[in-house]
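Here are the chains, one letter per residue:
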Amino acid sequence: MKKVIQVILVLLLPQIIVFVVVTNSFNTKHAAPSEPIMVNYITKKHQSTMKTVDHSKFEILQQEFKRPQDLTLACLSCHTERHKEVMVNNHWTWDRKEKLHGRDTISIGKKNILNNFCVGVGSNEKMCTKCHAGYGYNDKSFDFTKAENIDCIVCHDQTGLYEKVKGGMPKPGIDLNKIAQSVGKPEKDNCGSCHYLGGGGNNVKHGDLDSKMNDCTREIDVHMAKEGEDMSCTACHTTQNHKITGKLYALSSEDKNRVTCEQCHTDRPHHDKIIDNHSYRVACQTCHIPVYAKATPTKMIWDWSTAGRLDEDSMPITEKDAEGNVSYNGMKGTFVWDDHVIPEYYWFNGLADHFLITDTIKNIPVQMNSLAGSYKDKGIWAESKSVSKIWPVKVHRGKQPYDLVHKTLLLPKLWSEKKGDSAYWMDYNWANSLTAGMKYLHLPYSGKYGFVETEMYWPLNHQVSPADKALQCVDCHTAKPEGRLSKLNDFYLPGRNHFAMIDNIGLGLLIITLLGVAIHGGIRVVAKKKLNHD
Amino acid sequence: MKVYIYKIFERFWHWTQATSIFLLAITGFEIHGFYSLFGYKQAVIYHDRAAYGFITLIVFAIFWHFTTGEWRQYIPTMKFVKEQIDYYILGIFKGAEHPTNKLVYNKFNPLQRLIYLGLKIMVIPIMVFSGFAYMFFNYPNQTIELSGLGPVAAVHTMGAFFLVVFVIAHIYLTTTGHKPLTSIKAMVTGWEDMDEKEARAMVISEMKHGLQKTKAHLLTAKDQSKFLDEALAETENILGVKKENKFHDVIANSGAGYFKIDRSGHYVEVNKAWSNLYKFKKQEDAFGKHYSLSRSKEAFIELERSFNSVLKGETIEHGLVMRKCQDGSVGYHTITMTPWIADDQIVGVEGFILDIDPEYAAKMEWNVNDQKK
Ligand code: HEM
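Residues numbered from 1 in each chain as written. Chains lettered and ligands numbered in written order. Predicted model: local features only at pLDDT ≥ 70, side-chain atom pairs only at ≥ 80, totals over all residues. Heavy atoms only, no water.

Undergrad: Can you break down the overall build of chain B residue by residue, with the values?
TA: A tally of regular secondary structure across chain B gives twelve helices and seven strands. Evaluated residue by residue, chain B yields a buried proportion of 46% over its 373 residues. Taking the contacts inside chain B whose residues are at least 6 apart along the sequence as the reference set, 59% of them involve residues at least 24 apart. (Helix = DSSP H or I, 4+ residues; strand = E, 2+ residues; numbered from the N terminus. Buried < 20%, exposed > 50% of the residue type's maximum accessible area, 1.4 Å probe, protein only. Contact = heavy atoms within 4.5 Å.)

Next comes the structure, spelled out in structure tokens:
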């Protein structure tokens, strides 16, 4: 009996202890996965929906506005100082002072930056300023000090009727009176009327901003889903005195004024230490935006070099891909679209550089905006106040005109009302269009152009998926080539990286040992038989 | 022949360690990416918790090693290493004997000593330190910060491979004991089955050890009889010899002289050692002889007194006594006599004598005389 107890004590107890230690959760907080930690946020249920002001009661708004500027002046007659706030906001200035990563502080904004979609605003203002928060920005002579040109209603209209056309003017025939009486806090579609449509169509640019998000399911965006919190843009992009938080790294380069998940969820929201620790180096977005462009395809590639094919009537040819997306347009070139796109992953610490039109091309593809960061950028090695984290990024690849001699990017003049004005979309002549564009900016152009590959990086933030769709450990911790981080190779990642030599030696040793045991044991058995025989 | 060599804590510790290392290895290599078994996350959680458990066990084990003095088992020696290797390479196939015997303070062979010591002071500490570095210093805003996990993981992985290889070889080598399962059974029950020769060596070493202790006590010349009582009980205990089955055999083969005398005072059985000590040519020569022949006149009176007490049921231990040998020479030994019981009756006296080096005996006697003066 004593013996049995001893054997149990010696053999079974260890197994039980180890089992209990290993399966018990006393050293990990238990997960309640459906409920992330939340602070600083009042849920919809508890928000007040009462309107404090009814603008339809104000006499001054009950007039027929002849000019949209009259409406602005009516706003300012009560909100007497607001124009000062708006006129320093970059929705108005299209310009701001930013320090480029590793370079000087410069004036940079939509006004003068290049991208690899429609390339640049210069000489095409009238076309682009459809999305300017002002009236009459037709060319570089626009007067940024004239308050009456502020477009208040593009952000504040609540009728959903408002629409802007060339030069940022309201679509003719729109009922400004009705709109003026409806004004309120910006809702999704106020922001979306420009931000969904960047690049000339729905979801073209961002890939994670889509007009379908006005009314979407949790699968598409847990925050904005109708059946959930139905959050507006400003719920996260909190705004005071027309200072809107959040910024886009297509244009920004400093680590400031960022909107973060942490502002509501804290930096340890998971009830799970190991996952929480990941947030030291992994942005929330990385796991929680496993794919983007979930409702509508987004543009992945734009190749200007093939543009210019016209039909017999000298009209640009268009072609569509199997899904019905325009895959070729004679005005713009060749496109590749995709939906449910798997992001690419980069280290990012909130600092960025931008390729300016005066910069010389050194590397191809040209990086229109380069996100700074590396594995090493942390702790004592950190170069910004935030460490580099792994971010999901939409990379938009392009091919666009550059100067073969000066090795600079070129700005084409694309748009004009009439033919013969050097606009590419009228005359389909690159030489003239590029000469006109560069002349408009007073920049040198050798007259010899080619097309160069470019990349633009769009860190993803929207279209957060439900928790059960988030990435799992092995999506990154794997040596398989389809592993999410298979290209982010500047660090040792458990499960992905191996030291081939150690593995080879280790496995070799293992095999030798097993063989050794088999051989030694075999000989022993044989030898024993023989001994017994003798 | 069974001998008790692994104490209970030791066995508990061994199996807990085995389970922990097994679990750490299978979860570790899943994390390493060799296969998927528990699922990555679960593997990490299990690995981390098993590591904490393992560390706790190590703390207890360190404490145990030092409080029991068992750490001495791991003092390295190069003596017999070559013989041990030769044994595994050649001898084992020819049915040769193990080159070393398990002794009280030497239950491992020299190769085992070296390898277990290596594990204890190198591999396991390396695994623990690299493991905790892996766990704690890989993110910023920690006290110590690693520039990367690469070196840590490299060390940890190498150690892991080494441990796995060790475990395989270790398990295989357990089959080289007396019988294939001997060693494993021993680690479960504590009692190791040994062949007679090895057991004898063990017993003798135990006895030597016991005697050395006795000597030390005797030299203090205090309270000897009580001590000897204890010493005997302890010897039996430490020897771990299972009296009911094989005690007789052990004695028969041991260096201790064994004898059995009937009520009338005649030897009915003596072992080889006994007849050697008394310089009989053959054991049988002693049978039927009266015990008086082994003593001087004075000593006989004393012996007779003891003999009669034992017949009444007492157990008697004498310190040093002098014996008269067949060839006329004298020798010294200690003697223990207990009743010989058959069918619940005392039918005689049995006991054993342990030879004492004459030089030592002389010194003792001198001491005793000295004290008498
Ligand atoms: C107290 C001892 C140990 C500690 C603290 C420890 C800790 C760790 C940690 C923190 C990791 C990284 C993965 C994770 O976060 O779980 C790891 C990986 C690993 N561990 Fe351990 N471990 C210990 C003992 C062992 C033992 C005994 C073995 C094998 C016999 C082992 C084998 C491995 C392997 C193979 C890996 C994967 C390494 C890689 O691929 O980078 N560990 N260990």
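Undergrad: Residues and numbers for the site of the ligand, please.
TA: Around the ligand, a shell composed of 23 residues is seen, among which Tyr492(A), His32(B), His47(B), Tyr134(B) and His156(B) lie nearest. In this structure, the ligand is bordered by residues of chains A and B. Within the contact set of the ligand, an oxygen atom lies 2.8 Å away from a side-chain nitrogen or oxygen of Asp48(B). For the shell around the ligand, the residue count by class is 16 nonpolar, six polar and one charged. (Near = heavy atom within 4 Å. Polar contact = N/O pair within 3.5 Å; in protein donor to acceptor, adjacent residues only side chain to side chain. Nonpolar A, V, L, I, M, F, W, Y, C, P; charged D, E, K, R; others polar.)

Undergrad: An account of the sheet that holds strand β3 (residues 257–262) of chain B is needed here, citing residue identities and associated values.
TA: Residues and elements named next belong to chain B. Strand order in the open sheet made by the five strands is β4-β3-β7-β6-β5, with antiparallel pairing throughout. Two strands lie at the open edges of the sheet, namely β4 (267–270) and β5 (316–324), each paired on one side alone. Strand-to-strand twist in this sheet, taken as the mean axis angle between neighbours without regard to direction, amounts to 30°. As paired strands, β3 and strand β7 (residues 345–356) are joined by six bridges and run antiparallel to one another. Its bridge partner lying in β7, Gly257 is registered against Ile353. (Pairing = 2+ DSSP bridges. Axes fitted to C-alpha atoms, helices over the stretch in contact; angles between N-to-C directions.)

Undergrad: Can you explain the coordination of the iron atom of the ligand? Please cite residues and give values.
TA: Residues and elements named next belong to chain B. For the iron atom of the ligand, the full set of protein donor atoms is His47 (NE2) and His156 (NE2), and the range of their distances to it is 2.0 Å. With six donor atoms in place around the iron atom of the ligand and angles of 84 to 179° between them, the coordination shape is octahedral. Of this pair, His47 sits in helix α2 (residues 40–68) while His156 sits in helix α5 (residues 150–173), and the two are 109 residues apart along the sequence. (Donors = N, O, S within 2.8 Å, 3.2 Å for Na, K, Ca; no water. Tetrahedral: all angles 85-135°; square planar, octahedral: opposite > 155°, others 65-115°.)

Undergrad: I'd love a proper account of the pattern of salt bridges, names of residues and values included.
TA: Residues and elements named next belong to chain A. Counted according to the given criterion, the structure contains 25 salt bridges over all chains. Here Glu98 and Arg96 are joined by a salt bridge, their closest N and O atoms 4.0 Å apart. Here Lys164 makes a salt bridge to Asp151, at a shortest N to O gap of 2.6 Å. Residue Lys164 is located in the loop between α6 (153–156) and α7 (176–182), and its partner Asp151 is located in the loop between α5 (125–128) and α6; the two are separated by 13 residues in the primary sequence. Asp151 shares its class with Lys164; the two are buried. One network of salt bridges, in which partners are shared, links Arg67, Asp70 and Glu148. (Salt bridge = Lys/Arg side-chain N within 4 Å of Asp/Glu carboxyl O.)

Undergrad: Break down a nonpolar patch on the surface for me, with residues and values.
TA: Together, Val4(A), Ile8(A), Leu9(A), Leu12(A), Leu13(A), Ile16(A), Ile17(A), Phe19(A), Val20(A) and Ile8(B) line one region of the surface with nonpolar side chains, adding up to about 820 Å² of accessible area. Of the residues forming the nonpolar patch, the biggest block, nine residues, is contributed by helix α1 (residues 2–23) of chain A. Inspection of the secondary structure puts Val4(A) in helix α1. (Patch = residues over 30% accessible without salt bridge, like charges linked within 9 Å, V, L, I, M, F, W, Y side chains within 5 Å. Areas by Shrake-Rupley, 256 points an atom, 1.4 Å probe, with all protein chains shown as cover.)

Undergrad: Explain the environment of Ser292(B) to me, and be specific about the residues and the numbers.
TA: Assignment of secondary structure puts Ser292(B) in the loop between α10 (272–277) and α11 (297–311). Distance in space between the C-alpha atoms of Ser292(B) and Lys324(B) is 9.9 Å, their sequence separation being 32 residues.

Undergrad: Describe the confidence of the model for chain A, naming the residues involved and giving the relevant values.
TA: Within chain A, residue pLDDT values average 92, and 98% of them lie at 70 or more. Overall, residues 27–31 of chain A carries pLDDT values under 50, and its contacts beyond four positions in sequence, including any with other chains, amount to nine contacts. (pLDDT = per-residue confidence, 0-100.)

Undergrad: How would you summarise the environment of Lys279(B) if you had to cite specific residues and measurements?
TA: Residue and element names in this part refer to chain B. Along the chain, Lys279 falls in the loop between α10 and α11. Using a relative accessible area of 43% as the deciding quantity, one classes Lys279 as partly exposed. Taking the C-alpha atoms as reference points, Lys279 and Trp340, separated by 61 residues in sequence, lie 24 Å from one another. Excluding its chain neighbours within four sequence positions, the residues that come into contact with Lys279 are Cys325, Gln326, Asp327 and Ser329.

Undergrad: Give me the domain arrangement of chain B: which residues, what numbers.
TA: Per the domain assignment, the segments of chain B are domain 1 (2–210) and domain 2 (255–372). Placing a centre on the C-alpha atoms of domain 1 of chain B and another on those of domain 2 of chain B gives a separation of 47 Å. (Domains from an automatic or database assignment.)

Undergrad: Just give me the short version of the interface of chain A and chain B, but keep the residues and values in it.
TA: Each partner contributes to the interface: chain A provides 54 residues, whereas chain B provides 54 residues. Across the chain A/chain B interface, buried area totals approximately 4800 Å², and carbon plus sulfur atoms make up 71% of it. Summed over the three residues of chain A that lose the most area to chain B, namely Val10(A), Val22(A) and Arg524(A), the buried surface amounts to 13% of that side. Applying the counting rule to chain A against chain B returns one salt bridge. With its nearest N and O atoms 3.1 Å apart, the salt bridge here joins Asp272(A) to Lys41(B). For the side of chain A that touches chain B, the secondary-structure elements that each account for two or more residues are α1, α11 (273–278), α15 (473–476) and α16 (500–533) of chain A. A total of 15 residues in the side of chain A that touches chain B trace back to one element, the largest contributor, which is α16(A). (Buried area = accessible area lost by both parts, 1.4 Å probe.)

Undergrad: Tell me about the side chain of Asn349(A), residues and numbers included.
TA: Residues and elements named next belong to chain A. One can find Asn349 in the loop between β9 (344–348) and β10 (352–354). On the accessibility criterion, Asn349 (0% relative accessible area) is buried. Within the local environment of Asn349, its side chain forms a polar contact with the backbone nitrogen of Leu351, the two atoms lying 3.0 Å apart. If we skip the residues at most four places from it in the chain, Asn349 touches Asp255, Arg258, Ala372, Gly373, Asp377, Glu383, Ser384, Ser386, Val387 and Ser388.

Undergrad: Let's hear about the packing of aromatic side chains: which residues, and what values?
TA: Under the definition given, this model contains 42 aromatic pairs over all chains. Ring geometry for Trp13(B) versus Trp64(B): centroids 6.4 Å apart, planes at 35°, classification tilted. Of this pair, Trp13(B) sits in helix α1 (residues 8–32) while Trp64(B) sits in helix α2, placing them 51 residues apart in sequence. Judged by relative accessible area, Trp13(B) falls into the buried class, the value being 10%. With relative accessibility at 11%, the residue Trp64(B) sits in the buried group. Put simply, the rings of Phe117(A), Trp302(A), Trp304(A), Phe335(A), Trp337(A), Tyr424(A), Tyr428(A), Trp430(A), Tyr449(A), Phe451(A) and Trp458(A) touch in pairs and so form one group of aromatic residues. Over the ring of Phe491(A) we find Arg496(A), and its NZ or CZ is 4.8 Å from the ring centre. Looking at Arg323(B), its charged tip hangs above the ring of Tyr278(B), at a distance of 5.8 Å from the centre. (Phe/Tyr/Trp six-rings, centres within 6.5 Å; stacked < 30°, edge-to-face > 60°. Lys NZ or Arg CZ within 6 Å of the ring centre and 35° of its normal.)

Undergrad: An account of the packing of α16(A) against α5(B) is needed here, citing residue identities and associated values.
TA: It is at 10 Å that the axes of α16(A) and α5(B) come closest, and there the two elements cross at 5°. Put simply, α16(A) runs roughly parallel to α5(B). Here α16(A) contributes Ile502(A), Asp503(A), Gly506(A), Leu507(A), Leu509(A), Leu510(A), Thr513(A), Leu514(A), Val517(A), His520(A), Gly521(A) and Arg524(A) to the contact with α5(B), which in turn contributes Ala154(B), Thr157(B), Met158(B), Phe161(B), Val164(B), Val165(B), Ile168(B), Ala169(B) and Tyr172(B). For the contact of α16(A) with α5(B), the class distribution of residues is 14 nonpolar, five polar and two charged. (Parallel < 35°, antiparallel > 145°, perpendicular 65-115°, else oblique.)

Undergrad: Lay out helix α6 (residues 182–189) of chain B with the relevant residues and their values.
TA: Along α6(B), the residues classified as buried are Thr182(B), Ser183(B), Ala186(B), Met187(B) and Val188(B). Residues of α6(B) that are buried in the fold lie against α1 of chain A together with α1 and β2 (191–193) of chain B. In the segment just after α6(B), Gly190(B) is the residue with positive phi, at about 95°.

Undergrad: Requested: an account of the confidence of the model for chain B, with residues and values cited.
TA: All names here are of chain B. Model confidence for chain B is summarised by a mean pLDDT of 80, while 80% of its residues fall at 70 or above. Note on residues 242–248: pLDDT under 50 across the span, and ten contacts to partners over four residues away in sequence or across chains. Overall fold confidence (pTM) sits at 0.79, and the ipTM for the predicted complex is 0.86.

Undergrad: Tell me what's going on with the environment of Thr72(A), and back it up with residues and numbers.
TA: Residue and element names in this part refer to chain A. Structurally, Thr72 is set in helix α2 (residues 68–78). Look at Thr72 and you get buried, because its relative accessible area is 1%. Considering only alpha carbons, one finds Thr72 and Ile8, 64 residues apart in sequence, at a separation of 87 Å.

Undergrad: Would you mind going over the packing of α1(B) against α5(B) in detail, with residue names and values included?
TA: Residues and elements named next belong to chain B. Look at α1 against α5: their axes get within 10 Å of each other, and the N-to-C directions meet at 130°. In this view, α1 runs oblique relative to α5, as classed from their interaxial angle. With respect to the hand of their crossing, α1 and α5 are arranged in left-handed fashion. The residues of α5 that touch α1, namely those facing His14, Ile21, Ala25, Phe29 and His32, are Thr157, Ala160, Phe161, Leu163, Val164, Val167 and His170. Residues of the contact of α1 with α5, tallied by class, amount to eight nonpolar, four polar and no charged. (Left-handed = near helix turned anticlockwise from the far one by under 90°.)

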